[in-house]
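Here are the chains, one letter per residue:
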Amino acid sequence: METEVIKTSCILCFLACGIDAHVRDGRLVKVEGMAENPLNKGWLCPKGQHLVDYVYSPDRLKYPLKRKNGGWKRISWDEALDTIAGKLQKIKDEYGARALAVIIGSIGAEDIELSGFAQRFRGAYGTPNFLSVESICFRSRIMARLLTFGTYPLEDPGKSRCIILWGHNPENSEGTIASRIHKALDDGSRLIVIDPKRIPLAKRGLHLQIKPGTDCALALAMMNVIIAEDLYDREFVEKYTTGFDKLVEHVRDYPPEKAGEITWLPATDIRRTARIFAGAESACIIQGINCLDQHINGLQNNRALAILQAITGNYDVPGAWATNPFMRLTDLRLPIDEEPIGADEYPIFRSFWGMTSPYGQALALPEVILSEKPYPIKAIMVTGGNPACSWPDSEKVEKAFKKADLAVVMDVFMTRTAELADIVLPACSSVEKMGIVYNYALTSGIPYAMLRRKVIEPMWECWPDWKFYSELGRRMGYGEYFPWNTDEEVVENWLQPSGITMEQLTEGVYFGSRCYDINAKNQIRTPSGKIEIYSQTLADAGYDPLPVYKEPSQSLVSNPELASEYPLILVTGARALPYTHCQMRNIPQLRQLLPEPVAEIHPATAREYNVADGDTVTLETKKGRIKIKVKTTEDIVPGVVSIPHGWAQANANLLTSLEPNDPVTGYPETRALASRIKKV
Ligand SMILES: Nc1nc2c(c(=O)[nH]1)N[C@H]1C(S)=C(S)[C@@H](COP(=O)(O)OP(=O)(O)OC[C@H]3O[C@@H](n4cnc5c(=O)[nH]c(N)nc54)[C@H](O)[C@@H]3O)O[C@H]1N2
Ligand SMILES: Nc1nc2c(c(=O)[nH]1)N[C@H]1C(S)=C(S)[C@@H](COP(=O)(O)OP(=O)(O)OC[C@H]3O[C@@H](n4cnc5c(=O)[nH]c(N)nc54)[C@H](O)[C@@H]3O)O[C@H]1N2
Ligand code: SF4
Ligand SMILES: [Mo]
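Residues numbered from 1 in each chain as written. Chains lettered and ligands numbered in written order. Predicted model: local features only at pLDDT ≥ 70, side-chain atom pairs only at ≥ 80, totals over all residues. Heavy atoms only, no water.

Caption draft 1: Quick look at the sheet that holds strand S2 (residues 18-24). The strand order S1-S2-S3 describes an open sheet built from three strands, whose pairing is antiparallel. Strands with a single pairing partner mark the edges of an open sheet, and in this sheet they are strand S1 (3-9) and strand S3 (27-33). Sheet twist, expressed as the mean angle between neighbouring strand axes with direction ignored, is 30°. Here six bridges tie S2 to S3, and the two strands are oriented antiparallel to one another. From the neighbouring strand, Asp-20 faces S3, where its bridge partner is Glu-32. (Pairing = 2+ DSSP bridges. Helix = DSSP H or I, 4+ residues; strand = E, 2+ residues; numbered from the N terminus. Axes fitted to C-alpha atoms, helices over the stretch in contact; angles between N-to-C directions.)

Given below as structure tokens:
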């Protein structure tokens, strides 16, 4: 039997590595990294290497299921769609369209198919409540950069002379960036790592072992040094920015000695970092994808980094942050003129999404369902996400989802959220359907798109998500919005405004190039036409117009009583290569690489609490407790505990809360919690 090699892409996480998929007799038999793909250049993480095991896992959801007598009953797609359509219509008649919340998770946000069709459906149905994982991840940094530059510039490490890796461990979370950083260092770039943990890359540069949640204080102290020592780019600042004079005043309050006490860092290291960064010919901060965001001052953390780039002139030049082109695709969204939940509390966050797609702050949902205020939400539909595991306060999320009259979950596997649903639908894995790999350019900074080719036919009764939303839409009388019948039609429709042909996309295509010219038309798109160091938009909405350092809500300074009871600082959500979030623990080939979750602590911390490497402890916050094994390591700063998220037997989100959160974005606090450990 001949083996065919199909060039396509893995989307088991958002990096979308190119793969050579070997197919024999209609079956995927082997996966290799695609050497010529500019994103991964042949590299694959263990998940990609085990894509075959993932696709053919016996645990796959195979048929639509309906909850019955506490168990599951297999039903046909027809019955599933009729049941959902009937209940959704009833709910709409009784409570209005807004009583449905359409929720997408990380897969949903990253894949245009899922996010496009989920949004189209919610528009056709008429609910404003489209809720995305971007209420937890990624959108905060985009917003901070938009507030500052009016554009979303991205890191350009390949050409950089100085890289600051700030709360980011790409070797575990973004392998394709890690290799680009290694290459830049080989070419002579300097590296500074700001992380409570000695990550592998820290060995190649200066490491600032910061106290979690204090990054804004460090950034402000760096600005203090840069300004006091006249290291900023005066010409750039005068020509292109506004509010610098206010910043000069503002950062006088943050001398390195004071910041040193807040951050656990020597003032000499803060000065040194500021001098290296500002003195480099080109410099870029590569920040963690959520480590700085999931704090009560997350947006201000992100703003502070943007301002550091701006005052050193590191914008739209090679090796700094530079603006990326966009690829124009057909917009599937339908306008809705009602505000979603969370809009009142986080008005700017809401307005940044634009009215066509009024995203709310998703984390408002559990309280809205439980309290029925400001109005009842009776139905939830989740595609490509697992909020019962990934959202803070799992207990409350579960309680809310159980209260819903109708909960529908479409997934590749039975998840914790699916277990709470009334109807569970089997989704195709990405190799069973066609799509466009494009969104990923928003993280890699490489303006490259390719066709994600279908490798094998959909298995069992699995459907692509676009088909589910289209069929449901048709059954509910919204057929005019869903005219497509095949993968090809869906992709061709998207491509129409792009000027890119199917052939080009199949080959892989650069859809533009990065901008290295600040004077190019429209390169600063803020209301003032300048880079806004001082943000009038934030000021007008009642927020701090310049980043102000705020202690995490559970720190010894902000809440001494709590922190004295719970003296260790807990960081949740450390990434591990074999897994994406709550997924893949059921794939034996991956599980054996990392069989169980561990809490990392420094040996000195272990001694203080009388625990040894390998002991099981209870790890407790004021919110809840889990049992987890301890791993001692010199790499983590004493006084800090680091745990992964996504494990059923040690669910990190039993320890986190939905409140308090970032007042601008509503992002939760998952990275600097007061905790304690005790040997069991
Ligand atoms: N394998 C794998 N890769 C993934 C994912 C996955 O689930 N699995 N998820 C993807 C997604 S959606 C995301 S958002 C990204 C997240 O990717 P990253 O942002 O890289 O996430 P982490 O590995 O949790 O954290 C990076 C580093 O930040 C440090 N850190 C923690 N708190 C702080 C702090 O307060 N300040 C500073 N300066 N550092 C801190 C941690 O010690 C850690 O070394 O990963 C993506 N990649
Ligand atoms: N405590 C704590 N909590 C966190 C974090 C943290 O650091 N600490 N990180 C947060 C971050 S940054 C993120 S991004 C979120 C992620 O949160 P989620 O996105 O909710 O988590 P996942 O487990 O990735 O869920 C994605 C689901 O989509 C399914 N899926 C995959 N492909 C398809 C498909 O084609 N169609 C359909 N319908 N389903 C598909 C997968 O099987 C999986 O169940 O978690 C957040 N939660
Ligand atoms: S990093 Fe791994 S899971 Fe993510 S796209 Fe690449 S191979 Fe797939
Ligand atoms: Mo994320």
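Caption draft 2: Looking closely at helix H8 (residues 175-186). The end-to-end C-alpha separation of H8 is 17 Å, in line with the 16 Å expected for twelve residues at 1.5 Å each. For H8, the full list of buried residues reads Gly-175, Thr-176, Ile-177, Ala-178, Arg-180, Ile-181, Ala-184 and Leu-185. Immediately downstream of H8, the backbone of Gly-188 shows phi near 105°, a positive value. (Expected span 1.5 Å × (residues − 1). Buried < 20%, exposed > 50% of the residue type's maximum accessible area, 1.4 Å probe, protein only.)

Caption draft 3: Quick peek at a negative patch on the surface. On the surface, a cluster of negative charge is made up of Glu-488, Glu-489, Glu-492 and Glu-503. In terms of residue count, helix H22 (residues 487-495) provides more of the negative patch than any other element does, three residues in total. A relative accessible area of 40% means that Glu-488 is categorised as partly exposed. (Patch = residues over 30% accessible without salt bridge, like charges linked within 9 Å, V, L, I, M, F, W, Y side chains within 5 Å. Areas by Shrake-Rupley, 256 points an atom, 1.4 Å probe, with all protein chains shown as cover. Salt bridge = Lys/Arg side-chain N within 4 Å of Asp/Glu carboxyl O. Lys, Arg positive; Asp, Glu negative; His and termini not counted. Charge placed at Lys NZ, Arg CZ, Asp CG, Glu CD.)

Caption draft 4: Representation of the site of ligand 1 within the structure. Neighbouring residues of ligand 1: 34 residues in total, closest His-168, Ser-173, Asp-195, Asp-215 and Tyr-579. Ile-289 is positioned such that a nitrogen or oxygen atom in its backbone is 2.8 Å from an oxygen atom of ligand 1. The protein chains hide 97% of the 920 Å² of surface that ligand 1 would expose on its own. A per-class count over the shell around ligand 1 returns 16 nonpolar, twelve polar and six charged. (Near = heavy atom within 4 Å. Polar contact = N/O pair within 3.5 Å; in protein donor to acceptor, adjacent residues only side chain to side chain. Nonpolar A, V, L, I, M, F, W, Y, C, P; charged D, E, K, R; others polar.)

Caption draft 5: How the structure looks around the pattern of salt bridges. Within this structure, the stated rule accounts for 40 salt bridges. Residue Arg-271 is joined to Glu-257 by a salt bridge in which the shortest nitrogen-to-oxygen separation is 3.0 Å. Here Arg-271 is found in helix H13 (residues 267-279), whereas its partner Glu-257 is found in helix H12 (residues 256-263), with 14 residues between them in sequence. What you see here is one network of salt bridges that share partners, running through Glu-565, Glu-620, Arg-625 and Arg-676.

Caption draft 6: A look at the packing of aromatic side chains. Taken as a whole and assessed by the stated rule, the structure comprises 20 aromatic pairs. One aromatic cluster is present, formed by Trp-77, Phe-121, Tyr-125, Trp-463, Phe-468, Tyr-469 and Tyr-478 through successive ring pairs. Here the guanidinium or amino end of Arg-676 rests over the ring plane of Tyr-566, the centre of that ring lying 4.2 Å away. (Phe/Tyr/Trp six-rings, centres within 6.5 Å; stacked < 30°, edge-to-face > 60°. Lys NZ or Arg CZ within 6 Å of the ring centre and 35° of its normal.)

Caption draft 7: Here's a closer look at the packing of H12 against H13. Where H12 contacts H13, the two axes come as close as 8 Å, and the packing angle between them is 115°. Put simply, H12 runs roughly perpendicular to H13. By crossing handedness, the relation of H12 to H13 is classed as right-handed. Contacts between H12 and H13 involve Pro-256, Glu-257, Ala-259, Gly-260 and Thr-263 on the former and, on the latter, Ala-267, Ile-270 and Arg-271. Residues of the contact of H12 with H13, tallied by class, amount to four nonpolar, two polar and two charged. (Parallel < 35°, antiparallel > 145°, perpendicular 65-115°, else oblique. Left-handed = near helix turned anticlockwise from the far one by under 90°. Contact = heavy atoms within 4.5 Å.)

Caption draft 8: Examining the sheet that holds strand S19 (residues 448-452) more closely. Strand order across the open sheet formed by three strands is S18-S19-S20, with antiparallel pairing between neighbours. The open sheet has two free edges, formed respectively by strand S18 (435-437) and strand S20 (509-510), since each of these has just one partner strand. Sheet topology note: the S18/S19 ladder contains three bridges and is antiparallel. Pairing of Gly-435 across the sheet is with Arg-452, part of S19.

Caption draft 9: The arrangement of the packing of helix H9 (residues 215-228) against helix H14 (residues 298-311) in detail. Look at H9 against H14: their axes get within 9 Å of each other, and the N-to-C directions meet at 20°. Here H9 lies roughly parallel to H14, going by the angle between them. Both H9 and H14 take part in a crossing whose hand is left-handed. Between H9, through Asp-215, Cys-216, Ala-219, Met-222, Met-223 and Ile-226, and H14, the contact on the second element is made entirely by Gln-300, Asn-301, Ala-304, Leu-305, Ile-307, Leu-308 and Ile-311. In terms of residue class, the contact of H9 with H14 is built from ten nonpolar, two polar and one charged.

Caption draft 10: A look at the environment of Asn-69. Tracing the chain through its elements places Asn-69 in the loop between strand S4 (65-68) and strand S5 (71-74). The exposure class of Asn-69 is exposed, given its relative accessible area of 77%. Considering only alpha carbons, one finds Asn-69 and Leu-654, 585 residues apart in sequence, at a separation of 28 Å.

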